[in-house]
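# A structural walkthrough
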Amino acid sequence: MVAPMVTGVVALISGKYPTLLPAQIKSAILCGVDTYAAFNGYCVTGGRLNAYKSLQLAGNCYTIDTSKNWIKKIEPGTAVVDFKPQMRATSTAYNTEVVVRKGGSSGAIKTSGAIATGDDVQVKNGAANAGTYTVRIRGDASADGYIDIDDTLVVREVMFGTTTLTGVRKEAADANRDGRIDIDDTLIIRDHMFGYVLINQN
Ligand SMILES: [Ca+2]
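Residues numbered from 1 in each chain as written. Predicted model: local features only at pLDDT ≥ 70, side-chain atom pairs only at ≥ 80, totals over all residues.

This next bit is on the nonpolar core. Core analysis: the largest hydrophobic core is formed by 41 residues, its most contacted members being Ala28, Ile74, Ile115, Val121, Val135, Val155 and Ala173. Here this core takes 5 residues from helix α2 (residues 22-31), the largest share from any one element. Of the residues that make up this core, three or more belong to each of domain 1 (1-61) and domain 2 (149-194). If we ignore the near neighbours within four places in the chain, the residues touching Val155 are Ala141, Ala173, Ile181, Asp185, Thr186 and Ile189. (Core = buried A, V, L, I, M, F, W, Y, C linked by C-beta atoms within 7 Å. Buried ≥ 20, exposed ≤ 12 C-beta atoms within 10 Å, placed from the backbone. Helix = DSSP H or I, 4+ residues; strand = E, 2+ residues; numbered from the N terminus. Domains from an automatic or database assignment. Contact = placed C-beta atoms within 7 Å.)

On to the packing of α2 against helix α3 (residues 51-59), then. As a packed pair, α2 and α3 sit with axes 8 Å apart at the nearest point and diverge in direction by 135°. For the element pair α2 / α3, the angle class is oblique. Relative to α3, the crossing made by α2 is right-handed. Note on element contacts: α3 touches α2 through Ser54, Leu57 and Ala58, opposite Ile25, Ala28, Ile29 and Cys31. (Axes fitted to C-alpha atoms, helices over the stretch in contact; angles between N-to-C directions. Parallel < 35°, antiparallel > 145°, perpendicular 65-115°, else oblique. Left-handed = near helix turned anticlockwise from the far one by under 90°.)

Right, let's get into the pairing of strand β7 (residues 128-135). Pairing between strand β4 (residues 70-72) and β7: 2 bridges, direction parallel. Bridge pairing in β7 places Ile71 opposite Val135. Two strands pair when backbone bridges link them, and strand β6 (residues 120-125) and β7 are joined in this way by 6 bridges, in the antiparallel orientation. By the bridge assignment for β7, Asp120 is matched with Thr134. Here β6 folds back onto β7, and the loop between the two strands holds 2 residues, one of which, Gly126, carries a positive phi near 65°. (Pairing = 2+ DSSP bridges.)

For the rest of this paragraph, the subject is the sheet that holds strand β3 (residues 63-65). Sheet architecture is open: 5 strands sit in the order β3-β4-β7-β6-β5, paired in mixed fashion. Every interior strand has two partners, whereas the edge strands, β3 and β5 (97-101), have only one. Strand-to-strand twist in this sheet, taken as the mean axis angle between neighbours without regard to direction, amounts to 35°. Helix α4 (residues 80-90) rests against β5 and β6 of the sheet, and its axis sits at about 135° to β5.

It is worth spelling out helix α5 (residues 149-160) at this point. With 12 residues, α5 should reach 16 Å at 1.5 Å per residue; the first-to-last C-alpha distance of 17 Å fits that figure. Along α5, the positions that sit buried rather than exposed are Asp151, Thr152, Val154, Val155 and Val158. Taken around the axis of α5, the buried residues stretch over an arc of 160°, which confines them to a single face. Facing away from the buried side of α5 by more than 90 degrees, the exposed set consists of Ile149 and Phe160. Structurally, α5 contributes buried residues whose contacts are with α6 (167-173) and α7 (183-194). Positive phi appears at Gly161, one or two residues downstream of α5, with a value of about 80°. (Expected span 1.5 Å × (residues − 1). Arc of directions from axis to C-beta.)

Those residues of α4 that fall on the buried side of the exposure criterion are Val80, Phe83, Gln86, Met87, Arg88, Ala89 and Thr90. Along its buried surface, α4 packs onto α2, α3, β5 and β6.

With that out of the way, let us pick up the pairing of β5. Only one face of β5 is covered, namely the face carrying Val98 and Val100; the face carrying Glu97, Val99 and Arg101 is uncovered. Alignment of β5 against β6, held across 5 bridges, turns out to be antiparallel. Opposite Val100, over in β6, you have Val121 as the bridge partner.

Next up, the structure:
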């Protein structure tokens, strides 16, 4: 009786989120199960289908910029413990583990706190590497995972030439995504802090 139920959840997810890849729908379903020790070894996930959780995971999938291997659509203040299951559901490989390293591939493994711009994310499928990505949270110029006054200070340092940012840090500092790092970015970061606007993480 499992196949028709899973098929029903596939239809539910693809109906609500038609842009998801088939492999992402599969990941969302496999990652959304309720696990039970008694199921260990009897099925791929060791768990029971949960349509609600799978639908939630599918709706919150991150976006991978495949040209740069950056992860987008992560909201500022997302905890590492919440990020990891969502990243598993986002990956097109059904994977067993997500490893987060602070500030890059040689950084310390992060198990708590907030996921931040510049963090290195490795998705492991068993022993194989299913993908290595870098986190990009637009507006998080200071790379601590939050959007606050520190980010406006970093943007100001870039404007004055006392700090130079490259790669994902540079893109994160361009909070209003106009290709420049200038006073307008400090203003949109401030407006985000005060709740007047929400910086778009797409
Ligand atoms: Ca800008």
